[in-house]
Structures are given as C-alpha cells and as structure tokens.
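Now for the letters of each chain:
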Amino acid sequence: MAAEAELSALLTESRRFPPPADFARDSNAQPEIYERAHLDRLKFWSEQASRLKWDEPWDQVLDWQAPFARWFVGGKLNASVNCVDRHVEAGNGERIAYHWIGEPEGETRDISYAQLKDMVCQAANALTELGVAKGDRVAIYMPMIPETVVAMLACARIGAPHTVVFAGFSADALRNRIIDCDARLVITADGGFRRGTATALKPAVDNAVAGLDGVRNVLVVRRTGQPVDWDDARDRWWHDVVAGQSTEHTAPAHDSEHPLYVMYTSGTTAKPKGILHTTGGYLTHVSATHRLVFDIKPESDVFWTAADIGWVTGHSYIVYGPLANGTTSVLYEGTPDAGGRDRWWRIVEEKQVSILYTAPTTIRTFMKWGEQFPGAHDLSSLRLLGSVGEPINPEAWIWYRKHIGGDRCPVVDTWWQTETGGIMITPLPGITATKPGSAMTAFPGISVDVLDNGGKPVDNGGGGVLVVTEPWPGMLRGIWGDDERYRQTYWSRFDELYFAGDGAKRDVDGDIWLLGRVDDVMNVSGHRISTTEVESALVSHPSVAEAAVVGATDAITGQGIVAFVTVKGDAALDSKAGEQLIADLREHVAEQIGKIARPRQILLTPELPKTRSGKIMRRLLRDVAEHRELGDVTTLADPTVVNMIDEMMATTTHPEE
Ligand code: PRX
C-alpha cells in the first residue's frame, strides 16, 4: 500500500502540463513578473495598488509592527467606487457585471455596471436613512441574489463593515456572530430557492435578533414571496426603503485601513473567529490575484466563481476582485443539480463562460455523476479552470482538465484562506508548467516556506508546516475584538512568521503540495469546521455526557464528520432508542451550527479512549473512523476501550448523506 502510494506520488509529481502557447504569449503575467516582485516586493505591490482609484495617495507602502500591518498608509479610497463607479466613468457602464441566474428555470437578470451603480447608490442612501453610520456593523444573511452584492457594496460605500453570514448557518450561529460584532442592522430575504423548494431565512433572523436591542432594523428583500412574521417597529422591506432612493450618492473617501468586513471562520476552539479585512490592501490583493491568476480580459471574459457569497471565496472572487477589474461574472443561486445534473454545463454554454473556479468536492461529485453530463454540452468557451478550498487529488485534477477543460484549459489550483484574503500559492497560467495536485509556487510578491517542527525550512523532498514569511496586502488585520487570540493563533508558533495551520511538502523541484490541516479543523466540502465546535454542540444536548469528533477521509466531501458520543447515566439504550437519539443529535448540531456541521456518522459508545491524564486520543478515533489499523495504544489508560469502539465501528453501517 505504502509503496503504491509512493509510486503514484512520484508519477504525478513528475507529470507536467506546460502552459498552452496562446497563454504563454498573451497572458497578463509574463515570466519576468516573479523576478520583478522578488527584487522589490513593496514596489510590486504599490504598482498593483496604483491600478485602483485612490482619492488620496499613500505615503508609505507598509508599516509593519509585527504582527500588525498597515498597508498603503495615509492613502484614501472607496471600495464601492472602485468596483462600480469607476467603470461607468470609463465608459463601460453598459458592460454586464453579473449574469444572475436564479435556481428556478428561466429566471435570469443581467445587471450592467451602470445599473449596479444605481442600485448601490440607492442602497447606500437607504442605509444612511436607516441611521447606519460609518463604522457601524451590518450583518448580511442572504441567498445568492444580486441584492446581496448590492448590500455589501452599499456598506463598503458608507464605511459600515459588513459581516456576511452564510445562509446555511443556523439562527444560533447567526445570533452569535451578530452579538460578537455588535451589528446594528441585519439585511436578509424572506427566503431563497434551494433544490427546487423555497427555503425560509426570515424566521432564523427573527430568532437570532430576539431580545438584541443593538439591532435596530431588519431589512428584508422579497425573493420568494412566502409569508413572513413582521415586527413593525423593526422590520423594513427592501423595496419600500431602497427603491425610492436617489441613484446619486457621493461616496466618501475611506482610509486605506478602514475596516471593510468581518468574516467568521472556525478555529480550534468552539468560538468562531471574526477575521477582519480592511480596504486598500485587501482590494489591491484580490484585484491583482484575480487579474493575474485568472488572466482576466475584462472586455471578453465571462468569469464564474461557483461558490457562495457567504464564504471568503465569494467575497474575494465573486464580488471584490472581479468587480474591481470590471469583469462580467455569473452569479448562480442554486445547487449544481437543480433542474438536472447538467445545470452548470448549460449555464457555461448559454453564458459562454470562459473561466470557471470551483472546489474539488464539487469536481468529485461531477465525476461520480459521470462525464455524460458535461459531455452533452458545448464547453468550448472555457479557457481556464481554477480549484480552491481543499487539496485536489490528482485524479480529480485530471478529470477536470479533460472532461470540463477539453484537455486544452490550464488548471490553477489556488491555496489561500479566509485569513489571507486572497490567493497566495498558485500557478500562473501563462508561465507555470502545472502538476496535478500541486498548488506549485507563491504568487509574485508573496513569500511562503515549509518548516519542520523545529522551525527550520525543509529541503526539497521534505514535509512540514506552511508559513508565510512576509506580510502581504490582503492579510487579516486581526481577530475582531481579540488581539491576543490573533497573536496566539497565528504568530506564536514561530517568531514573526504567519502559521497557516496547514501541512505541506516541497517536492524534488521545490514545488509546494498542500496536505490538509494540522490542527483540529476539519475540511468538509471545502468548508472549515472545528471539531471542538461540533463537540460543544453535541455536549449541549441534555443526554450527552461526552463527545469526541474527528474528520474522516471521504471520497466526495474530502472529510466527513464522525462523532463518538457517550450518554449520561448508565441506562443502556436499546437499538431503537439509540437510533432515535442519533437522529436527534444530528438535528441538534444542525440547529446549533448549521446543516453543514451535521455529523455523517455518530457512534454511541460507553466510553472514550483516554490517556492516563484524561486526554481524549482523537488520533486513535481517526484510525477507527477510517477503518485503519490502530496506531500506538500504549499511552491509553485502558486499551480495551478503543478495541471495543473499533469493533462497534466495524459492525455499524455507514450512512452517507
Ligand atoms: O486547509 C486549507 C484549505 O482550506 C483552508 C482555508 O479555508 P477557508 O478559510 O474556509 O478558505 C477556503 C477558501 C480560500 C486552508 O487552510 N485549502 C484552501 N485552498 C486549498 C486548501 N488546501 C489545499 N489546496 C488548496 N488549494
């Protein structure tokens, strides 16, 4: 087995796909870019920043008081002006910003940059009328509709940092985020469409804001037309408050370091972290990476990031990056199989999508469905493919290139995180000879390394953990309200180096392969979920005494959540009661966090394997969950416990979602 794995690693490591000739000739990035950025990193980034519209120039590119960075110090700009007004002023108002495609068949809206500008100005005026001022936080809990983008840009315009909460999160999760950043307004919709049915959002918001005096208004977009409960004192319809506003709005210039948004992400504790991004550096980073990694030609490309706006990928590569570059994007509301398993490929064909950016888990789902679905459509408009969110296995990479990219489109595997703001490690399609499964090299102007446990850079062929060695413009500026946690989480493992939490290796050529998280964070369908967060959701159930959660390898979702739970009292449950409790627990986790965190499998066990000092040995539970031979059990207080669990696991069926 080990020899086989090694052999296949060798085969893929040496397999290369050189850039196609047209990319090598015409792409936005040419080989000298690496040298230029290497010689003077700050000059490189200031050149990228100069492509934006600044109301006042900066006097210093970087002020680095480790671990706190300020980029483009003294500069002033408005992110919303950079994303919309400037393109209209340049004569591109008629260009489509979004081909929006609703999940119900036939429901589409094309929104030009001129229209987007009017919508954003109206929304900015509405927010001001509702009393939202610069610096106030606004929570956004929305389906994938144009108003979501408009709401974000209106916030950016008036300088009110937004916090978009993925609509799949529960009322409890939303409430915690609203409280943590003390949001004054929540923008939502009555509901959205998902897998052919209208799902509700407003009831979750009603529960989330109950009793929170800090939330003065809830602004509601009518999307599905379903009935909603209404609080006259608090709730406002978007069409009442926004539609009648002026389409003129003079945008103020904000400091380069003015907070743009807070995005919550899971860490190794139960409490999600509010990752703070600011304006000038973030916009520079996302627009530069978008333009160079995806080789954007705004006059002709149709770009599609198939992710949800509620995650950082949506923020950076559906909203801020593409709009800053004046690009036409697809914005699709639904799931990949709504209206048929070829829905995406119909969209590509109809909208002439030229660049597609998605996650390995989705690619693996398409593989499972079969190549006949993409095969039935003309995908010749595609010229470039991207991957993000988790390590991509070479098989999926090659399938993607062949069956979606017609063996002609380069594939860029991009590594980054909520914290990094934008892409950090990636091939450049006109320069890099790619290897299936490798994110290859740092983007120009970004410095990364792979260190061993002692903090020494590994040689080629070696593995360790990934660090970023120099500050970068899109970096998080901190954790909302918790500087100490910021230092502890990212800057305490190695002195003045950013610890990403990912394992990585350098192959014989020095190219980088990402190996997944090295902490207690799982990656399920490209979503980051903390084992501790799921454990604490489980133990909040009245029947649960103790819970241990591990991420087990899953052929489709990358990892699946497996929970080991001991129940209170010593009453042995019969199998019917046990099944009922398992169903209740899965529901309970969905309520506490959201459906994405619902365990794939729950095993009710009489005990958990612990060391003599009482620490749960998750490593062994991972072995159990993955049906592997158990590792070293000598430190266990009672080795029979894990053997018993292993046997239980072997005799339990494995329910797939
Ligand atoms: O483990 C890495 C994985 O996703 C984590 C970041 O998750 P999140 O903040 O939710 O952002 C996801 C979208 C940028 C990373 O720590 N990850 C992301 N991209 C890749 C990846 N792992 C391997 N290869 C990638 N291309």
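Only a predicted model underlies this, so the values are computations on that prediction, with no experimental measurement involved.

*Asks:* How do you make sense of the overall build of the chain when you look at a structure like this?
*Replies:* Of the regular secondary structure elements, the chain holds 21 helices and 30 strands. Its C-alpha radius of gyration of 25 Å places the chain within 12% of the 26 Å reference for a compact globule of 657 residues. In terms of overall dimensions, the chain has C-alpha extents of about 75 × 60 × 55 Å along its principal axes. Counting the 657 residues in the chain, one finds 60% classified as buried. In the chain, of all internal contacts separated by at least 6 residues, the share reaching a separation of at least 24 is 71%. About 25100 Å² of surface is accessible on the chain, with carbon and sulfur atoms providing 50% of the total. Averaging the positions of the 65 positive and the 89 negative side-chain charges in the chain gives two centres separated by 2 Å.

*Asks:* Looking at this model, I keep getting lost on the site of the ligand. Mind explaining?
*Replies:* The environment of the ligand is formed by 17 residues, the closest being D413, T414, T418, D502 and R528. A distance of 2.8 Å separates a nitrogen atom of the ligand from a polar atom in the side chain of D413. Burial of the ligand by the surrounding chains reaches 97%, relative to a free accessible area of 530 Å². For the shell around the ligand, the elements supplying multiple residues, two or more each, are α12 (312-324), β20 (411-414) and β25 (512-517).

*Asks:* So what exactly am I meant to see when it comes to the domain arrangement of the chain here?
*Replies:* By a widely used convention, the size of an interface equals the accessible area lost when the partners come together. In terms of domain boundaries, the chain breaks down into domain 1 (2-504) and domain 2 (525-650). Averaged C-alpha coordinates put domain 1 and domain 2 at centres separated by 33 Å. Facing the 24 residues of domain 1 at the interface are 20 residues of domain 2. Here domain 1 and domain 2 share an interface that buries about 1600 Å² over both sides, 46% of which is from carbon and sulfur atoms. Counting across the domain 1 and domain 2 interface gives one salt bridge. Run the count over domain 1 and domain 2 and you get 11 residue pairs in polar contact (both at pLDDT 80 or more). Those elements that provide at least two residues to the side of domain 1 that touches domain 2 are α8 (171-181) and α14 (360-369).

*Asks:* What am I meant to see in α8 here?
*Replies:* The α-helix winds at 3.6 residues per turn, so residues separated by three or four positions along the chain end up facing the same way. Turning to α8, its buried residues number three or more, namely A171, A173, L174, R177, I178 and C181. All buried residues of α8 project into a common sector of 165° when viewed along the axis, lining one side. Buried residues in α8 make contact with β6 (137-141), β7 (162-164), β8 (183-189), α9 (202-209), β14 (259-265) and α19 (575-592). Once α8 ends, the next one or two residues include D182, with phi positive near 55°.

*Asks:* Mind showing me how you'd approach unusual backbone geometry here?
*Replies:* A negative phi holds for most residues other than glycine; trans holds for most peptide bonds. The omega angle of the peptide bond from A66 to P67 is 0°, so this bond is cis rather than trans. Looking at the secondary structure, you find P67 in the loop between β1 (60-65) and β2 (68-73). Phi is positive for E496, which is not a glycine, with a value near 60°. Position of E496 relative to the elements: it lies in the loop between α17 (483-491) and β24 (498-506). Non-glycine residue S525 carries a positive phi angle of around 50°. Along the chain, S525 falls in the loop between β26 (521-524) and β27 (527-530). Classification of S525 as partly exposed rests on a relative accessible area of 25%.

*Asks:* Got a minute to help me understand helix α18 (residues 531-539) in this structure?
*Replies:* Those residues of α18 not exposed but buried are T531, E533, V534, E535, A537 and L538. Capping of α18 at its N-terminal end is provided by S530; its side-chain oxygen lies 3.2 Å from the backbone amide nitrogen of T532.

*Asks:* Sorry if this is basic, but what is going on with the nonpolar core here?
*Replies:* Generally speaking, soluble globular proteins have nonpolar side chains that are buried together. In this structure, F294 and Y320 are the most contacted members of the largest nonpolar core, which totals 156 residues. In terms of residue count, helix α7 (residues 146-158) provides more of this core than any other element does, nine residues in total. Taken together, domain 1 (2-504) and domain 2 (525-650) each give at least three residues to this core, which thus spans both. Core analysis: the next-biggest nonpolar cluster, separate from the first, contains 28 residues, I347, V353, L382 and Y400 among them.

*Asks:* What am I meant to see in the environment of T531 here?
*Replies:* Structurally, the position occupied by T531 is in helix α18. T531 gets classed as buried once you look at its relative accessible area, which sits at 5%. For the pair T531 and V565, spaced 34 residues apart in the sequence, the C-alpha separation amounts to 13 Å. For T531, the contacting residues outside a window of four places in its chain are D520, M522, V549 and V550.

About the criteria used
Sequence order as written defines residue numbering, which begins from 1 separately in each chain. Under the rules for a predicted model, residues below a pLDDT of 70 receive no local features and side-chain atom pairs below 80 are neither given nor counted, while totals for whole chains, interfaces and linings still include all residues. Side-chain descriptors were evaluated using all non-hydrogen atoms of the structure, hydrogens and water having been removed beforehand. Going along the chain from the N terminus, every DSSP run of H or I of four or more residues is numbered as a helix, and every run of E of two or more is numbered as a strand. Here the globule rule reads 2.2 Å times residues to the power 0.38, and the radius of gyration is calculated from C-alpha atoms. Accessibility here uses a 1.4 Å probe with only protein chains present; expressed as a share of the type maximum, an area under 20% marks a residue as buried, one over 50% as exposed, and anything in between as partly exposed. Pairs of residues are marked as contacts when any of their non-hydrogen atoms sit within 4.5 Å. Using a 1.4 Å probe, the Shrake-Rupley method yields the accessible areas, and only the shown protein chains count as cover for residues. Residues scored as positive are Lys and Arg, those scored as negative are Asp and Glu, and His as well as the terminal groups of each chain are ignored. The atom standing in for a charge is NZ when the residue is Lys, CZ when it is Arg, CG when it is Asp and CD when it is Glu. A molecule or strand has a residue near it when one of that residue's heavy atoms lies within 4 Å. Two N or O atoms form a polar contact when they lie within 3.5 Å of each other; inside protein one atom must be a possible hydrogen donor and the other a possible acceptor, and for residues adjacent in sequence the pair counts only when both atoms belong to side chains. Note that the domain bounds were set by an automatic or database domain assignment. Note on definitions: buried area is the accessible-area loss of two parts on being combined, 1.4 Å probe, summed for both. For this analysis, a salt bridge means a side-chain nitrogen from Lys or Arg found within 4 Å of a carboxyl oxygen belonging to Asp or Glu. Each C-beta atom gives one direction from the helix axis, and the arc is the one those directions make. Nine residue types can take part in a nonpolar core, namely buried Ala, Val, Leu, Ile, Met, Phe, Trp, Tyr and Cys, and a core is a set of them joined through side-chain atoms within 4.5 Å.

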